[in-house]
Amino acid sequence: MAERILTVPEVIARPAGHLPTGNEYVAIPALSARDGSIAGINVLHLGARGLLEYDGDGEPFLRPVVALGSPDGRRVELRDRLVWSRLEHWLPRFELGAAELAVTGTVFAPLGCKGLVYALEVRNQGAAPVEAWVGLEGRWARTLQTVYTSRPVAAAQHAFRSRWAGGLALEARVGTALLAVAIGASEELDTLAWEPAQGISFRLGKVVRLAPGEGRALAFYVAVNLEADGADAVLVDLRRRGWRELLDQTRGWLRERILDHPDSRLGELLNRNLFFNYFYALGNTIDTEEGVLVTSRSPEYYVSAAFWSRDALLWSFPAVLLADRRRAREVLLAAFGRYARHPGAHSQYLDGTVLYPGFELDQLAAYPLALDRYLRTTRDESVLGEPAVRRGLERIEAALREQKHPEAQLYATFLDPSDDPVRYPCLTYDNALAARACEVLAYVRDAWGDQEKSENWREAARLTRLAIREHCVIEGPLGPMFAWSVDLRGNAEIYDDPPGSLQLLPYYGYCSAADPVYRNTVRWVHSEHNPYYCARGRFRGAGCAHAAQPWPMDAVNRILAGDAEEGLEFLRQAEMDGGLACESVDPETGEIRTGAAFATFAGFLAHAIYRSRQEGEEGAR
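As the structure is a computational prediction, the values presented were derived from the model and not from experiment. (Residues numbered from 1 in each chain as written. Predicted model: local features only at pLDDT ≥ 70, side-chain atom pairs only at ≥ 80, totals over all residues. Heavy atoms only, no water.)

(A) Layout of the overall build of the protein. On a plain count of helices and strands, the protein comes out with 13 helices and 31 strands. For the protein, whose C-alpha radius of gyration is 26 Å, the value lies close to the compact-globule estimate of 25 Å for 621 residues. Each principal axis of the C-alpha distribution contributes one length, and for the protein these read about 85 × 55 × 50 Å. Put simply, the protein has 621 residues, and 62% of those count as buried. A fraction of 65% describes how many contacts in the protein between residues 6 or more apart in sequence connect residues 24 or more apart. Element-wise, carbon and sulfur atoms account for 47% of the exposed surface of the protein, whose accessible area totals about 23,000 Å². (Helix = DSSP H or I, 4+ residues; strand = E, 2+ residues; numbered from the N terminus. Rg over C-alpha atoms; globule rule 2.2 N^0.38 Å. Buried < 20%, exposed > 50% of the residue type's maximum accessible area, 1.4 Å probe, protein only. Contact = heavy atoms within 4.5 Å. Areas by Shrake-Rupley, 256 points an atom, 1.4 Å probe, with all protein chains shown as cover.)

Here you go:
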């Protein structure tokens, strides 16, 4: 007998207190709010089929230091004294108004660059001149590969002075070079030292002399490439361009994409999650410079650095469209060209090969639904002429036909939207998405001039809609409602799942929000009849067997289903993962309990907030 094994997340005791930032190439997932240190930096690597990370193994890979007089002088205490803000909702900046020295730190990864900048500014607030050593210190303890979880790479560690920029080169070699980091500064340094110490410990900085009231800035550049000479060349480029110009350009790019919202709290949530999704649910690989799509570029997410079509195309993609239509087109072509080789696969490596087998109908439907969203938003019909789109859709058509039930116009799935085995094979939510996918396939076939196949898919959509009404409506405790799953032998399951909630049937165009069967279903989801509805505590909401605590995704589902105020109030009040989307929260505190750094869901959250604003404006007209 087959085992119904659920792969569930671990419960998180308390938030990590990190301020993630980054760009297309470099992710900084663990910038500490306590002291400004960086636990590690990572890049996407197609050859490694995941993330490669330089890590301090419990100690910071990079730590800012300000000391009086010399590197070994009395240090200005940063821990638990920093006041943080985010420039343009994405670039972390701290301020410390100490008695002797005021310190400001800004961390950012310039757009399009294979590197990051840690700028430190110090100001003498005393009445006498002062000397201060300003620098970075750190420890490169290990190189990690992450696919779902992190594990050490057996790479030799080499440290030496870089050839052109005069900085510190840190190169990981596995016979040949695998990855390298080069660290330098905006001025010549008087301290550049390293030593083997359970890895490589290092220190870079210089002494600055400040008159009363005088300020000084020293920026540290951290460049990444495939080997040390390439990292050094990136370091030279960063120094030539200058950190202030790079910061201005990055802030300008972000400013152009900030979305307005009349509610300041919701506006902050909207834009913070918009940019977190943009930079952590997709990125460019360091070894091929190709765009790839992932659940999250943060190892804090429990299945990070892998592809799920649901996550990428149903949740992340609408927000990418909001931020940058050109990038959205690239995302769509990457999805069809790289990942649609296995449409409906549970999860895939960066290169598109299957990581975790198991067919999921909603993940198959995600491809045509994302294409439909792109066409409706951009009116860019040229994408239909792309060979990758044609090949991908033909594979999707074949896979969809294989899943049709032999006795009815319903489609089967092996796993549900939480990636867990189903009790009965025909899910109502999944089939609603499949019906919409059939309509999109009919539209595309018509655009390609294939009228016969267009009519076939249009008829399949019509019959699937009717079959849902015939087979998936049952008598529930509150009246007729949509079942979660059925087997067409008289068995049905009453259940709901935030990642694929029945609340979203109107959102995906299956029925009206006023439909009485739908209304009874939604009432059931948020009632005592639902064993996974949390009715106690400040943060009430639905969970599921995968994670029983309230899901912020349930709040998003409510917003998209038209019950906006309840959902928006949940998001206003819940801290989640430091203001970023997470899987579930504590019902009393609203703090994260499962699914940290959930980048793809961050996109869905941002999309829902923005959509509710648009609908509110339309209703006020």
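(B) Seen up close, helix α10 (residues 516-525). Of all 10 residues in α10, seven are buried; the element is thus mostly enclosed. Turning to α10, its buried residues number three or more, namely V517, Y518, N520, T521, V522, W524 and V525. If you follow the buried residues of α10, they end up packed against α9 (451-471), β24 (473-476), β25 (479-482), β28 (533-534), β29 (541-542) and α11 (552-560). Capping of α10 at its N-terminal end is provided by D515; its side-chain oxygen lies 2.8 Å from the backbone amide nitrogen of V517. (Polar contact = N/O pair within 3.5 Å; in protein donor to acceptor, adjacent residues only side chain to side chain.)

(C) Unusual backbone geometry, seen in detail. Of note, the phi angle at A305 is positive, near 60°, even though the residue is not glycine. According to the relative accessible area criterion, A305 is buried, its value standing at 0%. Backbone geometry at A597 places phi at a positive 55°, although glycine is not the residue there. Structurally, A597 is set in the loop between β31 (592-594) and α13 (599-620). Taking relative accessible area as the criterion, A597 reaches 5% and is therefore assigned buried.

(D) Spotlight on the sheet that holds strand β5 (residues 63-68). Pairing in this open sheet of four strands is antiparallel, and the strands run β5-β10-β17-β16 from one edge to the other. Edge positions in the sheet fall to β5 and β16 (191-196), since each of these pairs with one other strand and no more. Within the sheet, the average angular offset between the axes of one strand and its neighbour, ignoring direction, is 20°. Judged from the six bridges that link them, β16 and strand β17 (residues 200-210) form a sheet pairing that is antiparallel. (Pairing = 2+ DSSP bridges. Axes fitted to C-alpha atoms, helices over the stretch in contact; angles between N-to-C directions.)

(E) Molecular detail of the packing of aromatic side chains. Taken as a whole and judged by the stated rule, the model has 26 aromatic pairs. Relative to F598, the ring of Y301 has its centre 4.8 Å away and its plane inclined at 25°; by these criteria the two rings are stacked. Linking Y301 in the loop between β20 (291-293) and α4 (309-323) with F598 in the loop between β31 and α13, this pair joins segments that are 297 residues apart in sequence. For Y301, a relative accessible area of 4% gives the class buried. Relative to Y339, the ring of F307 lies with its centre 3.9 Å away and its plane at 10°, an arrangement referred to as stacked. Of this pair, F307 sits in the loop between β20 and α4 while Y339 sits in helix α5 (residues 325-339); the two residues are 32 residues apart in sequence, bridging distant segments of the chain. Three or more aromatic residues link up through ring pairs in this structure, and these residues are Y301, Y302, W315, Y429, Y507, Y508, F598, F601 and F604. Above the plane of the ring of Y280 lies R297, whose end atom (NZ or CZ) is 6.0 Å from the centre. (Phe/Tyr/Trp six-rings, centres within 6.5 Å; stacked < 30°, edge-to-face > 60°. Lys NZ or Arg CZ within 6 Å of the ring centre and 35° of its normal.)

(F) Structural context of the nonpolar core. With 162 residues, the main nonpolar core has W243, Y367, L371, L393, Y508, L571 and F604 as its most contacted residues. Grouped together as the second largest cluster of nonpolar side chains are 54 residues, Y25, L62, W140 and A185 included. (Core = buried A, V, L, I, M, F, W, Y, C linked by side-chain atoms within 4.5 Å.)

(G) Spatial organisation of the sheet that holds strand β27 (residues 492-493). One open sheet holds the three strands; their spatial order is β23-β26-β27, and the pairing between them is antiparallel. Since the sheet does not close on itself, it has two edges, and those belong to β23 (426-427) and β27, each with one partner.

(H) Looking closely at the packing of α4 against helix α6 (residues 361-378). Two elements in contact, α4 and α6, have axes separated by 8 Å at closest approach and are oriented at 15°. Of the possible angle classes, the one that applies to α4 and α6 is roughly parallel. Handedness of the α4/α6 crossing: left-handed. For the pair α4 and α6, contact is made by S309, R310, D311, L313, L314, F317, P318 and L321 and by D362, Q363, A366, Y367, L369, A370, R373, Y374, T377 and T378, respectively. (Parallel < 35°, antiparallel > 145°, perpendicular 65-115°, else oblique. Left-handed = near helix turned anticlockwise from the far one by under 90°.)

Interpretation in functional terms is not warranted from these geometric data alone.
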